[in-house]
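A structural walkthrough
Below, each chain spelled out in residue letters.
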Amino acid sequence: MPFHGDLVGKWEVTLSDGVHSVEFEHGTTTGKRVIRVDGKEILRRDWMFKLVGPEVFLLGKSNARCVIKVEPVGGFSYSYELEVNGKSYHKFNENQSRAMRTWLVNLPSDEQYRVVLEKDTLDIWANGQKLEATGEFVEDGTETHFTLGSWPAFIKAVSSGNRREGIIHSLIVNDRLIPEATD
């Protein structure tokens, strides 16, 4: 990736369709602003007279509303904060880690998948694509069946028996338990 001299902020935003890299350049003498998402420039403003204020853009397939706030902190110094869906970057990441379960799957066919379960909607995503899935009740919980390429897979949901811990979600691909990712 080329070096950008005015790069002042970089964030990794985890959404259901993947992890998106957001970069922000701010030229404090020209007012230039550039936003890049996953290495692609999505906004450029050259020669702005107002050096502070927000930049709003949409991110990912869910069109998460993002705001980069540029605020003065004294002299010619500025702070840069990213908000995602109305929450600070830090708070959004905390909420995402509670709302989603993620697994990284390497199949014998050398295919790799990032599988995400959205716990609130029970949608399942693989490599940024929402999958068709079929749920069924089983003796000790539920199973949601789908395929990864040509491989059979399902997410099993069982009660932990502990109210604080809640439901435990496990991914099984081709009869193999996949450990949850820690990203």
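Please refer to the structure higher up on the page.
Residues numbered from 1 in each chain as written. Predicted model: local features only at pLDDT ≥ 70, side-chain atom pairs only at ≥ 80, totals over all residues. Heavy atoms only, no water.

What follows covers the overall build of the protein chain. Along the protein chain, the regular secondary structure elements total one helix and 17 strands. Principal-axis analysis of the C-alpha atoms places the extent of the protein chain at approximately 65 × 40 × 20 Å. Counting the 183 residues in the protein chain, one finds 40% classified as buried. Looking at the protein chain alone, contacts between residues at least 24 apart form 28% of all its contacts between residues at least 6 apart. Total accessible area on the protein chain stands at roughly 11000 Å², and carbon and sulfur atoms take up 51% of it. For the protein chain, the distance from the average position of its 22 positive side-chain charges to the average position of its 27 negative side-chain charges is 7 Å. (Helix = DSSP H or I, 4+ residues; strand = E, 2+ residues; numbered from the N terminus. Buried < 20%, exposed > 50% of the residue type's maximum accessible area, 1.4 Å probe, protein only. Contact = heavy atoms within 4.5 Å. Areas by Shrake-Rupley, 256 points an atom, 1.4 Å probe, with all protein chains shown as cover. Lys, Arg positive; Asp, Glu negative; His and termini not counted. Charge placed at Lys NZ, Arg CZ, Asp CG, Glu CD.)

When you line up the elements, G141 lands in strand β14 (residues 141–148). Sequence-wise, G141 and K156 are 15 residues apart; in three dimensions their C-alpha atoms are separated by 7.2 Å. Filtering out sequence-adjacent residues up to four positions away, G141 remains in contact with E136 and A157.

In this section: the sheet that holds strand β15 (residues 151–159). The pairing of strands in a sheet happens through backbone hydrogen bonds and is either parallel or antiparallel. Sheet architecture is open: five strands sit in the order β13-β14-β15-β16-β17, paired in antiparallel fashion. Two strands in the sheet have a free side with no partner beyond their single neighbour: β13 (134–138) and β17 (176–178). Here the strands of the sheet are splayed against their neighbours by 30 degrees on average, with no regard to which way each runs. Pairing between strand β16 (residues 167–173) and β17: three bridges, direction antiparallel. Bridge pairing links L171 to I178 in β17. (Pairing = 2+ DSSP bridges. Axes fitted to C-alpha atoms, helices over the stretch in contact; angles between N-to-C directions.)

Strand β9 (residues 100–106) sits mainly inside the fold: five of its seven residues count as buried. Sheet analysis places β9 next to strand β10 (residues 112–118), joined by seven bridges and oriented antiparallel. When the bridges of β10 are listed, R101 appears paired with L117. Count of turn residues in the β9/β10 antiparallel hairpin: five residues, of which D110 carries a positive phi of about 70 degrees.

As a further point, take the nonpolar core. Formed by 19 residues in total, the largest nonpolar core has its most connected members in V13, V22, I35, F57, L59, I68 and L82. Only β1 (7–15), β2 (18–26), β3 (33–37), β5 (53–59), β6 (64–74) and β7 (77–84) provide two or more residues apiece to this core. By residue number, the principal contributor to this core is β6, which donates four residues. If sequence neighbours within four positions are ignored, I35 has contacts with V22, E23, F24, K40, E41, I42, L43, E55, F57 and I68. (Core = buried A, V, L, I, M, F, W, Y, C linked by side-chain atoms within 4.5 Å.)

A few words on the environment of E118. Looking at where E118 falls in the secondary structure, it is placed in strand β10. Between the alpha carbons of E118 and A99 there is a distance of 6.1 Å; along the sequence they are 19 residues apart. A distance of 2.7 Å separates polar atoms of two side chains, one belonging to E118 and the other to T121. (Polar contact = N/O pair within 3.5 Å; in protein donor to acceptor, adjacent residues only side chain to side chain.)

One number sums up the size of the largest pocket: a volume of about 230 Å³. Lining the largest pocket are 14 residues, with L15, S16, S62, Q96 and E118 positioned closest to its centre. Counting residues per element, the lining of the largest pocket draws most heavily on helix α1 (residues 89–99), at three residues. (1 Å grid on protein atoms, 1.4 Å probe; cavity = no way out; pocket = protein on both sides within 12 Å on 5 of 7 lines; lining within 4 Å. Points joined across faces, edges and corners; volume = space filled by probe spheres on them.)

The sheet built from four strands is open, its strands ordered β1-β2-β3-β4 with antiparallel pairing. Two strands lie at the open edges of the sheet, namely β1 and β4 (40–45), each paired on one side alone. Adjacent strand axes in the sheet meet at a mean angle of 15 degrees, parallel and antiparallel pairs treated alike. Bridging between β1 and β2 involves eight bridges; their strand directions are antiparallel. Directly across from G9, in β2, lies its bridge partner F24.

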